Amino acid sequence: MSDNNRLGVFKTYKLYVGGKFPRSESGRVYEVTTKTSAAGTAGKGQWLANAPQSSRKDARDAVVAARKAFGGWSGATAYNRGQVLYRVAEMLEGRKEQFVREVAASEGLSKSKAAAAVDAAIDRWVWYAGWTDKIGQIAGGANPVAGPFFNLSTPEPTGVVAVLAPQKSSFLGLVSVIAPVIATGNTAVVIASADAPLPALSLGEVLATSDVPGGVVNILSGVTAEIAAPLAAHQDVNAIDLTGANAELAKELEIAAADNLKRVLRPQPVDTDGASDSEDWLASPGTHRLTAFLETKTVWHPTGALGAAGSSY
């Protein structure tokens, strides 16, 4: 059969929950189209795909999966988590061309600018992979005390983190908010950019074929406010990152999150289109996202006497 007579195979994008690829339980989808300008503000263009429109039930299922995965992931050694994250970067490098195409179409970028964004995202993933076994050294340590005690503070992961991904940085911004959450031992429920979810859903395919255990990262697409509301109010969600929320939605979610004292990261400044638009994702990320979802455990331990002279350690 000649290529002229061949029917193309369209990709079916699905959610990524618990290491599997379900469709939305509601059966809903919505159209994803190209951006018609480099700025991504001049409207919509060519049809790209139908993305699943997640429901509240999908959000609850993702929390269950994230909670189930938390014990094993948080209990792994920091060095092992770094190896797992580096493996993800390796696989992203191997699928770079696909992500360049998706980012270019999703954000209205030229191929060269999309390639630069993808390269930066992969480098960012490697950067966070290198921090897994180092963050404890800057976020913890031995404390001076007046008495015969050791006093040690160590960082521990908060738990299940809901992450609202940036609305306009579909891949670099996405990686910048996911990687620090899981690098520190948390598990994540991620709401992809509503208008540009395809790079996030493709990232789910990379995670599924890497060493990241199912449930550590769960990726949902759809209407951000519809999915975020039940996550902010969910009693088994321990923290929420409001990067992809505009000022009005962020305020509502902060109020809901207060019910069970969730940790809340609300980047500043926010604008009417979403906080992500105010951040320079190419800038050095620093460590603030690594420490945002860590708790500090402090342990006291008595010193012991050594020998008859009464010396101690």
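The following refers to the structure shown. (Residues numbered from 1 in each chain as written. Predicted model: local features only at pLDDT ≥ 70, side-chain atom pairs only at ≥ 80, totals over all residues. Heavy atoms only, no water.)

## Remarks on the layout of surface pockets
Then comes step 1: Taken as a whole, the second largest pocket holds about 210 Å³ of empty space.
Then comes step 2: In terms of lining residues, the second largest pocket is bounded by 16 residues, among which Lys 11, Thr 12, Tyr 13, Val 29 and Asn 50 are the most central.
Then comes step 3: Broken down by element, the residue count for the lining of the second largest pocket peaks at 5 residues, all from strand S2 (residues 44-52).
Then comes step 4: The class makeup of the residues in the lining of the second largest pocket is 8 nonpolar, 4 polar and 4 charged. (1 Å grid on protein atoms, 1.4 Å probe; cavity = no way out; pocket = protein on both sides within 12 Å on 5 of 7 lines; lining within 4 Å. Points joined across faces, edges and corners; volume = space filled by probe spheres on them. Helix = DSSP H or I, 4+ residues; strand = E, 2+ residues; numbered from the N terminus. Nonpolar A, V, L, I, M, F, W, Y, C, P; charged D, E, K, R; others polar.)

## A word on the sheet that holds strand S3 (residues 141-142)
Then comes step 1: Pairing in this open sheet of 3 strands is antiparallel, and the strands run S3-S4-S10 from one edge to the other. Both edges of this open sheet fall to S3 and strand S10 (294-302), since each of them pairs with a single strand only. (Pairing = 2+ DSSP bridges.)

## Observations concerning the packing of helix H8 (residues 224-233) against helix H9 (residues 247-257)
Then comes step 1: Following both chains from N to C, one finds H8 and H9 inclined at 20°, their axes separated by 8 Å at the closest point. Comparing their axes, H9 and H8 come out roughly parallel. Relative to H9, H8 is oriented so that their crossing is right-handed. In contact with Thr 224, Ala 225, Ala 228, Ala 229, Ala 232 and Ala 233 of H8, H9 contributes Leu 249, Leu 253, Ala 256 and Ala 257.
Then comes step 2: A per-class count over the contact of H8 with H9 returns 9 nonpolar, 1 polar and no charged. (Axes fitted to C-alpha atoms, helices over the stretch in contact; angles between N-to-C directions. Parallel < 35°, antiparallel > 145°, perpendicular 65-115°, else oblique. Left-handed = near helix turned anticlockwise from the far one by under 90°. Contact = heavy atoms within 4.5 Å.)

## Section: the packing of helix H1 (residues 56-75) against H8
Then comes step 1: It is the contact of H1 with H8, at a shortest axis distance of 9 Å, that shows an interaxial angle of 45°. Considered as vectors, H1 and H8 are oriented oblique to each other. The hand of the H1/H8 crossing is right-handed. Judged by residue contacts, Arg 56, Ala 59 and Val 63 of H1 engage Glu 226, Ile 227, Ala 229, Pro 230 and Leu 231 from H8.
Then comes step 2: Looking at side-chain class alone, the contact of H1 with H8 contains 6 nonpolar, no polar and 2 charged residues.

## With respect to the pattern of salt bridges
Then comes step 1: Evaluation of the coordinates by the stated rule reveals 15 salt bridges.
Then comes step 2: The salt bridge involving Lys 96 is made with Glu 93; its shortest N-O contact spans 3.3 Å.
Then comes step 3: Given the relative accessible area of 25%, Lys 96 is considered partly exposed.
Then comes step 4: Salt bridges linked by common partners bring Lys 11, Arg 95, Glu 102 and Glu 205 together as one network. (Salt bridge = Lys/Arg side-chain N within 4 Å of Asp/Glu carboxyl O. Buried < 20%, exposed > 50% of the residue type's maximum accessible area, 1.4 Å probe, protein only.)

## Observations regarding unusual backbone geometry
Then comes step 1: Although it is not a glycine, Leu 261 adopts a positive phi angle of roughly 60°.
Then comes step 2: Relative to the assigned elements, Leu 261 resides in the loop between H9 and strand S9 (263-265).
Then comes step 3: Leu 261 sits in the exposed class, given a relative accessible area of 74%.

## What about H8?
Then comes step 1: Every buried residue belonging to H8 is among Thr 224, Ile 227, Ala 228, Pro 230, Leu 231 and Ala 232, and all of these are buried.
Then comes step 2: On its buried side, H8 packs onto H1, strand S5 (160-164), strand S6 (187-191), strand S7 (217-220), strand S8 (239-241) and H9.

## Looking at the side chain of Thr 132
Then comes step 1: Of note, Thr 132 is situated in the loop between helix H4 (111-129) and helix H5 (135-139).
Then comes step 2: In terms of polar contacts, Thr 132 uses its side chain to reach the backbone amide nitrogen of Gly 82, at 3.3 Å.
Then comes step 3: A distance of 3.2 Å separates the side chain of Thr 132 from the backbone oxygen of Ala 129, its partner in a polar contact.
Then comes step 4: Those residues in contact with Thr 132 that lie beyond four places of it in its chain are Ala 78, Arg 81, Gly 82 and Ala 183. (Polar contact = N/O pair within 3.5 Å; in protein donor to acceptor, adjacent residues only side chain to side chain.)

## Looking at the packing of aromatic side chains
Then comes step 1: Following the criterion strictly, the structure yields 5 aromatic pairs and no others.
Then comes step 2: A centroid spacing of 5.8 Å and a plane angle of 70° characterise the contact between Phe 10 and Trp 47, whose relative ring orientation is edge-to-face. Of this pair, Phe 10 sits in the segment before strand S1 (29-35) while Trp 47 sits in strand S2, and the two are 37 residues apart along the sequence.
Then comes step 3: Aromatic pair Trp 127 and Tyr 128: ring centres 5.1 Å apart, planes at 85°, arrangement edge-to-face.
Then comes step 4: Note on Tyr 128: relative accessible area 0%, which makes it buried.
Then comes step 5: Through successive ring pairs, a cluster of aromatic residues spans Trp 127, Tyr 128 and Trp 131. (Phe/Tyr/Trp six-rings, centres within 6.5 Å; stacked < 30°, edge-to-face > 60°.)

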